[in-house]
Amino acid sequence: MDVVVFWVLALLAVASGILVFRLSSMARVTYALLGSFLFIGGELILLGLNYLGVVVILMMVMEMVIMAVFMIAYMMNPAGLMPMSMVHNRRGALAISGVVFAALAAGIAAVPLPAPAATRPPDPTLQLGESLMGGQMLTMMTLGFALLATMVAATVLSTGRGRYDRFGDDLERRIPNDPVPGGVGRR
Amino acid sequence: MSLQWFLLLAAALFSIGLYGVLSQQSIVMIMMGLELMLGGVIVAAGAFWHFLAPTAAAGQVIVVVVVVAMAMEMAMGFAVTTAIFRAREVDMTDQARELKG
């Protein structure tokens, strides 16, 4: 049973992954990637990682729905109504990725992997939680700071006109330098 | 189910993502390729944890790290795309090659 589920999920994940670069509509591309991650989450659940599988599925649903908005905003061919090429050096890219896959597959087949482990933890989720709040606390704190830095950096990068543009480098301008004057309490 | 098949799935996802990263012109499509590559890493880490070291939590922690990396990559990628589009109306890598050596 597990073998059948693995193959179905694996083939669907790979097929949706290929569709990401075959479809021409940006909305469909985003949902193809979402599909691929749903099947990856299913594989994680199959591996006994129930919590992480559900986290991947829930996170990717939200991420891809938000991403669809940006994809449609930034694509030159958002609706996919006109067939057009959006690739460069297609043959080189195909060759490189083909060689990488062949090398990885050869490595997987050639390397003698250790025998499967015999003992299993009773609750993998409890194991992860105790680890993140114990031995891997530094990892968790680093991830937290990295996420905070991402929030600040993304806001700074995507802000068009910040307070330094409006109030000067020393923030000493009393009346902001706006393209359109006015507003409550201003002249 | 065996470790080899899971690793082969991870290699396939990684290679498809690599093809996208190398071939796509649009910055946002390159980010899709990166996500797919990280998806392959998630499968490989989960499989290694399940088959080789289920008593060590580090395998699960790697999955958590990769998931966070995906979220950060997405946020920063869109921020950079927004910044470069606002500055120069560029949304393709071919138009942003000033730093090419």
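Criteria and thresholds
- Here the residue index of a chain counts from 1 through its sequence in written order.
- Chain labels run from A onward and ligand labels from 1 onward, assigned in the order the entries are written.
- Given that the model is predicted, a residue must reach a pLDDT of at least 70 before its local features are reported, and side-chain atom pairs must reach 80 or more before they are shown or counted; all residues, however, enter totals for whole chains, interfaces and linings.
- Side-chain metrics rest on all non-hydrogen atoms present in the structure, leaving aside hydrogens and water.
- Each helix corresponds to a stretch of at least 4 residues labelled H or I by DSSP, and each strand to a stretch of at least 2 residues labelled E; elements are numbered beginning at the N terminus.
- Every radius of gyration here is taken over C-alpha atoms, with the globule rule written as 2.2 Å times N^0.38, N being the number of residues.
- Categorising residues by exposure relies on relative accessible area from a 1.4 Å probe, with only protein chains included: less than 20% of the type maximum marks a residue as buried, more than 50% marks it as exposed, and the intermediate range marks it as partly exposed.
- Any two residues whose heavy atoms approach within 4.5 Å are treated as being in contact.
- Accessible areas in this description were obtained via Shrake-Rupley with a 1.4 Å probe; residue shielding takes into account the shown protein chains only.
- Definition of nonpolar core: a set of buried residues of the types Ala, Val, Leu, Ile, Met, Phe, Trp, Tyr and Cys, connected through side-chain atoms within 4.5 Å.
- Any carboxyl oxygen of Asp or Glu that lies within 4 Å of a side-chain nitrogen of Lys or Arg is treated as forming a salt bridge with it.
- For the domains described, the bounds stem from an automatic or database domain assignment.
- Values labelled buried area give the accessible surface lost by two parts on being combined, using a 1.4 Å probe and summing over both.
- For this analysis, a polar contact is any N or O atom pair within 3.5 Å, provided that within protein one partner can donate a hydrogen and the other can accept it, and provided that sequence-adjacent residues contribute only side-chain to side-chain pairs.
- Under the scheme applied, nonpolar residues are Ala, Val, Leu, Ile, Met, Phe, Trp, Tyr, Cys and Pro; charged residues are Asp, Glu, Lys and Arg; polar residues are all the others, including Gly.

Right, let's talk about the overall build of chain A for a bit. Of regular secondary structure, chain A possesses seven helices and zero strands. Its helices and strands in sequence order give chain A the pattern α-α-α-α-α-α-α, from N to C terminus. Here the C-alpha radius of gyration of chain A, 24 Å, is well above what a compact globule of 187 residues would show, namely 16 Å. Counting over 187 residues, chain A shows a buried share of 29%. In chain A, of all internal contacts separated by at least 6 residues, the share reaching a separation of at least 24 is 40%. Counting every atom, chain A has about 11,400 Å² of accessible surface; 70% of that belongs to carbon and sulfur.

In terms of nonpolar packing, the biggest core is built from 62 residues, with A:Leu44, A:Met71, B:Phe6, B:Met32 and B:Ile42 touching the most fellow members. Elements supplying a minimum of two residues to this core: helix 1 (2–20), helix 2 (26–46), helix 3 (50–74), helix 4 (90–110) and helix 5 (124–132) of chain A together with helix 1 (3–23), helix 2 (27–51) and helix 3 (58–88) of chain B. A per-element tally of this core places helix 2 of chain B first, with twelve residues. Those residues in contact with A:Met71 that lie beyond four places of it in its chain are A:Met26, A:Val29, A:Thr30, B:Val28, B:Met29 and B:Met32.

Residue and element names in this part refer to chain A. The final tally for this structure, using the stated rule, is two salt bridges over all chains. Put simply, aspartate 178 and arginine 161 hold a salt bridge, and the shortest N to O gap is 3.0 Å. Here aspartate 178, found in the segment after helix 7 (163–167), pairs with arginine 161, found in the loop between helix 6 (137–158) and helix 7; they are 17 residues apart in sequence, far enough to count as distant. Relative accessible area serves as the criterion here: at 38%, arginine 161 is assigned to the partly exposed category. One salt bridge connects aspartate 178 with arginine 166, and the closest N-O pair in it is separated by 2.9 Å. With aspartate 178 in the segment after helix 7 and arginine 166 in helix 7, the pair connects residues that are twelve residues apart, well separated along the chain.

Attention now goes to the domain arrangement of chain A. When its domains are assigned, chain A resolves into domain 1 (1–78) and domain 2 (123–187). Taking only C-alpha atoms into account, the centre of domain 1 of chain A sits 29 Å from that of domain 2 of chain A.

What follows is about the environment of A:Ile96. Topologically, A:Ile96 is positioned in helix 4. Along the backbone, A:Ile96 and A:Leu138 are 42 residues apart, and their C-alpha atoms lie at a distance of 37 Å. Once residues lying within four places of it in the same chain are set aside, the contact partners of A:Ile96 are B:Leu18 and B:Leu22.

All right, on to the interface of chain B and chain A then. One frequently used descriptor of interface size is the decrease in accessible area upon assembly of the parts. Taken together, the contact between chain B and chain A spans 68 residues of the former and 74 residues of the latter. In this assembly, chain B packs against chain A so that about 6,500 Å² is buried in total across both faces, 80% of it on carbon and sulfur atoms. When residues of chain B are sorted by the area they lose upon contact with chain A, B:Met1, B:Tyr19 and B:Met32 head the list and together hold 11% of the total. Here chain B is connected to chain A by zero salt bridges. For the interface between chain B and chain A, the tally reads twelve residue pairs in polar contact (both at pLDDT 80 or more). Going through the elements one at a time, helix 1, helix 2 and helix 3 of chain B are the ones with two or more residues in the side of chain B that touches chain A. Top contributing element to the side of chain B that touches chain A by residue count: helix 3 of chain B, with 22 residues. In the side of chain B that touches chain A, the residues fall into 47 nonpolar, 17 polar and four charged.

Mapped onto the elements of the fold, B:Ser15 is located in helix 1. With residues up to four places along the chain from it excluded, the contact list for B:Ser15 reads A:Ser97, A:Val100 and A:Phe101.

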